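Commentary on secondary and tertiary structure
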Amino acid sequence: MADAPIGVAVLISGRGSNMQALVEQARDYSVVLVASDRPDAPGLAWAADRGMATFALSPKGIGKPAYEAAMLNRIANSGAEVIALAGYMRLLTSSFITTMRGNIVNIHPSLLPLYKGLDTHARALAAGDAEAGCSVHLVTPELDAGRVIGQSRVPVMPGDTPDALAARVLVAEHQLYPRIVSEFCRRMNDLLSHVRAVALQLPGVAEPEPGRFTVADRAFARIQGGELWLVDDRVVLSDDPDWQLVEDRVARAWELTAPSGLLEAGGR
Ligand code: GRF
């Protein structure tokens, strides 16, 4: 299971050119669903024409909780473990983000933390910036504020208009986003297989949902936002993780959580 490509659901509201780049350059992940809050989003037709699974639902008239519940249900059915937002124009609630265990990324057309929100190119030009660019970041309930996991820089040219700059940045977006999503998924797959290898050998351990490990119904390890959260700490992975250390930490988290009967059966 850990070696199968991670399923990614892409959420769009419009033309979906970044979604197309994610589909066409997929490596170490596979786009299993394209979903939208806009049934008329042109990107949906592009995906449906290629035989991809699509889902559209407008929140109008049903309210945000029902809308998000239906969206999450469809995403769960698709098998996606990661969501990539690509021109998706709605804020996600913290309950939606928690349900996806923080495995949600977004692409934003600025060098974050500069220019969160809209009109990024006009704001970069008005500020006289010599460089613009795009960022891939983890999604948190606060707009464009999660940890940046990839960035590309693009020069601002003399006489640039917001549209001209946007077109140049978009080319960089289409290169950056698939590369970072693939790195994120590869890391998640590595992390899942290493944590599973140790966790599922320990007495009484279950994985009730992918990447969440429990003993006697108490969670002791979970993979969230590409990182490992243990009952006693958060493990931030380096570029070249010490997997032995990661596995030791998982075993220790189990020791801190397991009831005494199980500890005697499985202590190291
Ligand atoms: C892109 O500029 C992206 O950075 C921003 O919204 C735009 C979406 O374009 N979040 P597309 O729908 O991917 O073509």
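Report on the accompanying structure. (Residues numbered from 1 in each chain as written. Predicted model: local features only at pLDDT ≥ 70, side-chain atom pairs only at ≥ 80, totals over all residues. Heavy atoms only, no water.)

1. Examining the overall build of the chain
The test is simple: For the purposes of this entry, the term helix denotes a DSSP run of H or I that reaches at least four residues, the term strand denotes a run of E that reaches at least two, and both are numbered from the N terminus. Restricting the calculation to C-alpha atoms gives the radius of gyration, and the globule rule supplies 2.2 Å times the number of residues raised to the power 0.38. Each residue is assigned to one of three classes by its accessible area relative to the maximum for its type, calculated with a 1.4 Å probe on protein chains only: buried under 20%, partly exposed between the two thresholds, exposed over 50%. Every residue pair with non-hydrogen atoms within 4.5 Å of one another is taken to be in contact. Here the Shrake-Rupley method, with its probe set to 1.4 Å, supplies the accessible areas, and only the displayed protein chains count as covering residues.
What the chain contains, in helices and strands, is 8 helices and 12 strands. For 268 residues, the compact-globule estimate of 2.2 N^0.38 gives 18 Å, and the chain sits close to it at 20 Å. The dimensions of the chain, computed from C-alpha atoms along their principal axes, are 70 × 40 × 30 Å. The buried share of the chain, reckoned over its 268 residues, is 47%. Excluding contacts between residues fewer than 6 apart, the proportion of contacts in the chain whose partners are at least 24 apart in sequence is 57%. Accessible area of the chain: about 12500 Å², with a carbon and sulfur share of 52%.

2. Describing the site of the ligand
Cut-off, in case you're wondering: Near is defined per residue: the residue qualifies when any heavy atom it owns lies within 4 Å of the molecule or strand. Nitrogen and oxygen atoms within 3.5 Å of one another constitute a polar contact, given that in protein one can donate a hydrogen and the other can accept it, and given that sequence-neighbouring residues count only through two side-chain atoms. Residues are grouped as follows: nonpolar covers Ala, Val, Leu, Ile, Met, Phe, Trp, Tyr, Cys and Pro; charged covers Asp, Glu, Lys and Arg; every other residue, Gly included, is treated as polar.
As a matter of local geometry, the ligand sits amid Arg15, Gly16, Ser17, Asn18, Gly87, Ile107, Pro109 and Glu173. Residue Arg15 places a side-chain N or O atom 2.4 Å away from an oxygen atom belonging to the ligand. Taken by itself the ligand offers 360 Å² of open surface, and the protein chains cover 84% of this. Partitioning the shell around the ligand into residue classes produces 2 nonpolar, 4 polar and 2 charged.

3. Observations concerning the pairing of strand 2 (residues 29–36)
Basically, it comes down to this: Two strands are said to pair when DSSP picks up at least two bridges between them. With its strands directed away from the observer, a crossover is right-handed exactly when the path from the first strand over the helix to the second travels clockwise.
Taken across its 8 residues, strand 2 has 6 buried, putting it largely inside the fold. As judged from the 7 bridges shared by strand 1 (residues 6–12) and strand 2, these two strands associate in the parallel manner. Within strand 2, the residue paired with Ile12 across the bridge is Ser36. Traced from strand 1 through helix 1 (residues 17–24) to strand 2, the parallel crossover comes out right-handed. Where strand 2 meets strand 3 (residues 54–56), 3 bridges bridge the pair, whose relative direction is parallel. Paired with Ser36 across the strands is Ala56, a residue of strand 3. For the crossover from strand 2 across helix 2 (residues 42–49) to strand 3, the handedness is right-handed.

4. Observations regarding the sheet that holds strand 2
To keep things clear, this is the line we draw: The axes are straight lines fitted to the C-alpha atoms, using for helices just the contacting stretch, and the angles between their N-to-C directions are given from 0 to 180°.
Taken in spatial order, the 7 strands line up as 3-2-1-4-5-6-7 in an open sheet, and their pairing is mixed. Sheet topology places strand 3 and strand 7 (148–155) at the edges, where each strand pairs with a single neighbour. Averaged over all pairs of adjacent strands, the angle between strand axes in this sheet comes to 20°, irrespective of strand direction. Strand direction decides the pairing type here: strand 6 (residues 131–138) and strand 7, joined by 7 bridges, are antiparallel.

5. Things to note about the environment of Val32
Tracing the backbone through its elements, the reader meets Val32 in strand 2. Setting aside anything within four residues of it in sequence, one finds Val32 in contact with Gly7, Val8, Ala53, Ser78 and Ala80.

6. Topic: the nonpolar core
Nonpolar side chains in soluble globular proteins tend to be buried together. Spelled out, the test is: Among buried residues, those of type Ala, Val, Leu, Ile, Met, Phe, Trp, Tyr and Cys that are joined through side-chain atoms within 4.5 Å constitute a nonpolar core. Bear in mind that the domain bounds are from an automatic or database domain assignment.
If you look at the biggest cluster of nonpolar residues, it comprises 58 residues, and the most contacted ones within it are Val10, Tyr177, Val195, Phe220 and Leu228. In terms of residues, this core owes the most to one element, helix 6 (residues 162–199), which gives 15 residues. Here this core spans two domains, and each of domain 1 (6–186) and domain 2 (200–265) adds at least three residues to it. Excluding residues within four positions of it along the chain, Tyr177 makes contact with Asn18, Leu22, Ala84, Leu85, Ala86, Val105, Asn106, Ile107 and Val136. Core analysis: the second largest hydrophobic core is formed by 18 residues, Met71, Leu72, Ile75 and Ile97 among them.

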